[in-house]
Amino acid sequence: VQLQASGGGFVQAGGSLRLSCLASGPPVSLYAMGWFRQTPGKEREFVAGISRVGTKRNYADSVKGRFIISRDNAKNAGFLQMNDLKPEDTAVYYCAAHQTVTGAVISTSGSYSSWGQGTLVTVSS
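Here goes a summary of the coordinates provided. (Residues numbered from 1 in each chain as written. Predicted model: local features only at pLDDT ≥ 70, side-chain atom pairs only at ≥ 80, totals over all residues. Heavy atoms only, no water.)

This paragraph deals with the sheet that holds strand 8 (residues 77-82). Pairing between sheet strands relies on hydrogen bonds along the backbone, with the strands arranged either parallel or antiparallel. Spatially, 1-3-8-7 is the arrangement adopted by the four strands of the open sheet, whose pairing is antiparallel. Each of the sheet's edge strands pairs with one partner strand only, and the pair in question is strand 1 (2-6) and strand 7 (67-72). Averaged over all adjacent pairs, the angle separating strand axes in this sheet is 15°, with direction ignored. Note: strand 1 against strand 3 (residues 17-24), five bridges, orientation antiparallel. Its bridge partner being in strand 3, Ser6 is matched across the sheet by Ser20. (Pairing = 2+ DSSP bridges. Helix = DSSP H or I, 4+ residues; strand = E, 2+ residues; numbered from the N terminus. Axes fitted to C-alpha atoms, helices over the stretch in contact; angles between N-to-C directions.)

Turning our eyes to something else, we now look at the environment of Ile106. Inspection of the secondary structure puts Ile106 in the loop between strand 9 (91-99) and strand 10 (114-115). A residue is classified by how much of its surface remains accessible, and Ile106, at 13% relative accessible area, is buried. (Buried < 20%, exposed > 50% of the residue type's maximum accessible area, 1.4 Å probe, protein only.)

Here it is, written out as C-alpha cells:
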C-alpha cells in the first residue's frame, strides 16, 4: 500500500491541526495504521495507532487527551486530529501501515512496512 500524508502546517500553541493519510493500492482495511513523528537528531517516535477496523486505539502518553486517531476504511484514509498543540509537538509526522489479520494496535516502528512521506507540523510558543 502507498501512503500520502498531508495536513501539516504552522500553528500557534493551543491550536489544532488535522493530519490525513490517504492510501492507495490494496484496501486499507487490511492494515493497522499508525502515526509517528521525528525531530532532527532523534529517533522516530510512536504517536498513535489504530487497529484495522478502528475498534482499538493506543496513544503515546505525551499526546493522550489531546490527539485523536481515526480512520475511514471506505475512503481508504486515516486521520490524526491534534488539539491543544504544544511547541514540543513540532516534528515531521509520518503515517504508517502494517498488514495484519489481527485486531491489534501496532506501536513499534519496525513493525510497519509502509510509510508515507511525512508532513511537517510546527507549533510556535
